[in-house]
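Here's the letter readout for the chains.
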There are 2 protein chains.
Amino acid sequence: MADYTLHEDPRSGNCYKIKLTAALVGVPLALRQYDIMAGETRTAAFLEQVNPNGRIPVLQVDDRFLPESNAACWYLAEGSALVPETRFERADMLRWMFFEQYSHEPNIATLRFWLHFVGEDKLTEQQDAQIMAKRIAGCEALALMDAHLATRDWFVGDSVTLADIALYAYTHVAGDGGFKLDEYPAIRAWLARVEALPGYIAMA
Amino acid sequence: MADYTLHEDPRSGNCYKIKLTAALVGVPLALRQYDIMAGETRTAAFLEQVNPNGRIPVLQVDDRFLPESNAACWYLAEGSALVPETRFERADMLRWMFFEQYSHEPNIATLRFWLHFVGEDKLTEQQDAQIMAKRIAGCEALALMDAHLATRDWFVGDSVTLADIALYAYTHVAGDGGFKLDEYPAIRAWLARVEALPGYIAMA
């Protein structure tokens, strides 16, 4: 088996996704930690060697580097029960993973970062002006997830897939961004199902 | 083979990606067109039957619906030469497709939509305040792509993959959003390579 090193910041849900995937499929990951608040992923060395996009997580597979959290989850889980066996369901799993990166993370994770880690009093005027739009779009994403989960246990098919792992990461800490999970009962029941999975690990 | 219908707006690069993928792999697509400017993807019928997220494209496969452009491309291309055979390269292709939806589309496609279709004089104050940040982030995405393509013909491996198709869609019309493609020679050479592919079709 290849040697895996996750370049990460433990506060990041995008990094946690990969650790949770690795735990569920039983793959050991070495960890290399960076402080994103201190700009440690924007140094010349990081940009040159790890990720020219200046972002974590990056999954290192021997001497190759794989940015983008959901691509790293896919790499680790391909061939496992976390990726559906049928063609439509595999694509439908990717559908929810793209939804997560486009409609969920930029709203729910960004508000968590701004309000919980940066602090509302330290936001720029431009960030401040975006809070309401991100609040509305984040609530729309949660409402869509809640409606989907009202009649099913998992996002795709009859068992847990990477779609659930990807969406779990920032949903279960959405309260940090001021979202009220009490308003989404189907999401709360689904969070409990994820947390009951054999091999589940909590976020740091 | 299944019956495929693409629910689309021909002005959308996200819809074009799927049509280009289908053309390259030789799969016929029926088209059902909507006017996103007139709110035709936000009607109750659309939300209930096609996509609760109120967005196009959606690929209909018989009676099932698959939202998210890159998931639809994956569905159509799985098993073809557009998806690499090795595990790392498949994940690396997805890496660029997630990059496209997170770092490229929200900047480059959004500025094209705002400036080319909506019109700068009709933007809200909040949209107007985001133009500069999206301009900077869009240029960063293009610079990263240009540097990557400076030493290679395609984003992943030695031949065209869905990573190229996904990134081509909004890059080749980035000028509509005020981006200057002349500044990115490796991108321009790569655009020409995509346009020379057997089966290539132009955007409507």
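All figures in this text were calculated on a predicted structure; none of them were measured in a lab.

K.L.:
With reference to specific residues and values, describe the relation of the copies chain B and chain A.
P.N.:
Between chain B and chain A, the superposition needs a rotation of 180° and an axial shift of 0.0 Å, giving an RMSD of 0.0 Å. The two molecules are tied by a two-fold rotation axis, judged by turn and shift. Residue Tyr102 of chain B of chain B places its C-alpha closer to the rotation axis than any other residue of that unit, at 3.1 Å. Here 97% of the interface residues in chain B have copies in chain A that are interface residues too; the copies meet face to matching face.

K.L.:
Quick rundown of the interface of chain B and chain A? Include the residues and the values.
P.N.:
Between chain B and chain A, the residue contacts involve 36 residues of the former and 35 residues of the latter. In terms of surface lost to chain A, no three residues of chain B exceed Phe88, Phe98 and Tyr102 of chain B, which account for 23% of the buried area on that side. Viewed at the interface, chain A and chain B are joined by two salt bridges. Residues Arg90 of chain B and Glu78 of chain A are paired through a salt bridge, measuring 2.5 Å at the closest nitrogen-oxygen approach. Of all elements in the fold, only β4 (64-67), α3 (69-77), α4 (87-118) and α5 (125-149) of chain B reach the threshold of two or more residues within the side of chain B that touches chain A.

K.L.:
Please set out the pairing of strand β3 (residues 58-61) of chain B residue by residue, giving values where relevant.
P.N.:
Residue and element names in this part refer to chain B. Judged by which residues are buried, β3 turns out to be covered on both faces: Val58 and Gln60 on one side and Leu59 and Val61 on the other are all buried. Of the pairings in the sheet, the one linking strand β1 (residues 4-8) to β3 comprises four bridges and is antiparallel in character. The residue of β3 that forms the bridge with Leu6 is Leu59. Examined bridge by bridge, β3 and β4 share four bridges and lie antiparallel to one another.

K.L.:
Lay out the domain arrangement of chain A with the relevant residues and their values.
P.N.:
A common way to state how big an interface is: give the accessible area lost once the parts meet. Residues and elements named next belong to chain A. Split by domain assignment, chain A resolves into domain 1 (4-77) and domain 2 (87-195). A C-alpha centroid distance of 20 Å is found between domain 1 and domain 2. In this assembly, 17 residues from domain 1 lie in contact with 18 residues from domain 2. Of the roughly 1,300 Å² buried at the junction of domain 1 and domain 2 (both faces included), carbon and sulfur atoms supply 71%. For the interface between domain 1 and domain 2, the tally reads one salt bridge. A salt bridge links Lys17 to Glu100; the nearest nitrogen and oxygen atoms lie 2.9 Å apart. At the junction of domain 1 with domain 2, the criterion picks out seven residue pairs in polar contact (both at pLDDT 80 or more).

K.L.:
So, the pairing of β1 of chain B: which residues are in play, and what are the values?
P.N.:
Residue and element names in this part refer to chain B. Along β1, four of the five residues are buried, which leaves the element largely enclosed by surrounding structure. Examined bridge by bridge, β1 and strand β2 (residues 30-33) share four bridges and lie parallel to one another. By the bridge assignment, Glu8 is partnered in β2 with Gln33. Taking the sense of rotation as the criterion, the β-α-β connection linking β1, helix α1 (residues 13-25) and β2 turns out right-handed.

K.L.:
Could you give an account of the environment of Asp176 of chain A, naming the residues involved and the relevant values?
P.N.:
All names here are of chain A. If you trace the backbone, Asp176 turns up in the loop between α6 (162-171) and α7 (185-195). The exposure class of Asp176 is partly exposed, given its relative accessible area of 27%. Considering only alpha carbons, one finds Asp176 and Leu115, 61 residues apart in sequence, at a separation of 7.4 Å. Discounting chain neighbours no more than four positions away, the residues touching Asp176 are Arg112, Leu115 and His116. There is a polar contact of 3.1 Å between the side chain of Asp176 and the side chain of Arg112.

K.L.:
So what's going on with the nonpolar core? Residues and values would help.
P.N.:
Of all hydrophobic cores here, the largest spans 126 residues; its most connected members are Trp190 of chain A together with Trp190 of chain B. Other than its neighbours up to four places away in sequence, Trp190 of chain A contacts Met145, Leu149, Asp153, Trp154, Phe155, Asp164, Leu167, Tyr168 and Thr171 of chain A.

K.L.:
Pulling in residues and values, what's your account of a nonpolar patch on the surface?
P.N.:
Residue and element names in this part refer to chain A. A grouping of Ile36, Met37 and Phe113 is seen on the molecular surface, where their side chains present a nonpolar patch of about 220 Å² in accessible area. Looking at the element boundaries, Met37 is found in the loop between β2 (30-33) and α2 (44-49). Take Met37: its relative accessible area is 39%, and that puts it in the partly exposed class.

K.L.:
Lay out helix α4 (residues 87-118) of chain A with the relevant residues and their values.
P.N.:
At His104 of chain A, α4 of chain A shows its largest kink, close to 60°, and the proline Pro106 of chain A lies no more than four residues downstream. Directly after α4 of chain A, the chain includes Gly119 of chain A, whose backbone phi takes a positive value near 105°.

K.L.:
Provide a residue-level description of the packing of aromatic side chains, including the pertinent values.
P.N.:
All names here are of chain A. Per the stated rule, a full pass over the model turns up 21 aromatic pairs over all chains. Plain terms: the ring middles of Tyr16 and Tyr168 are 6.3 Å apart, the flat faces sit at 50° to each other, and that makes the pair tilted. In this pair, Tyr16 is assigned in helix α1 (residues 13-25) and Tyr168 in helix α6, connecting sequence segments 152 residues apart. The burial state of Tyr16 is the same as that of Tyr168; both residues are buried.

Quick notes on the rules
Residues numbered from 1 in each chain as written. Chains lettered and ligands numbered in written order. Predicted model: local features only at pLDDT ≥ 70, side-chain atom pairs only at ≥ 80, totals over all residues. Heavy atoms only, no water. Least-squares fit on C-alpha atoms with pLDDT ≥ 70 in both. Contact = heavy atoms within 4.5 Å. Buried area = accessible area lost by both parts, 1.4 Å probe. Salt bridge = Lys/Arg side-chain N within 4 Å of Asp/Glu carboxyl O. Helix = DSSP H or I, 4+ residues; strand = E, 2+ residues; numbered from the N terminus. Buried < 20%, exposed > 50% of the residue type's maximum accessible area, 1.4 Å probe, protein only. Pairing = 2+ DSSP bridges. Domains from an automatic or database assignment. Polar contact = N/O pair within 3.5 Å; in protein donor to acceptor, adjacent residues only side chain to side chain. Right-handed = clockwise from strand over helix to strand, strands pointing away. Core = buried A, V, L, I, M, F, W, Y, C linked by side-chain atoms within 4.5 Å. Patch = residues over 30% accessible without salt bridge, like charges linked within 9 Å, V, L, I, M, F, W, Y side chains within 5 Å. Areas by Shrake-Rupley, 256 points an atom, 1.4 Å probe, with all protein chains shown as cover. Bend = angle between axes of the 7 residues up to and from the residue. Phe/Tyr/Trp six-rings, centres within 6.5 Å; stacked < 30°, edge-to-face > 60°.

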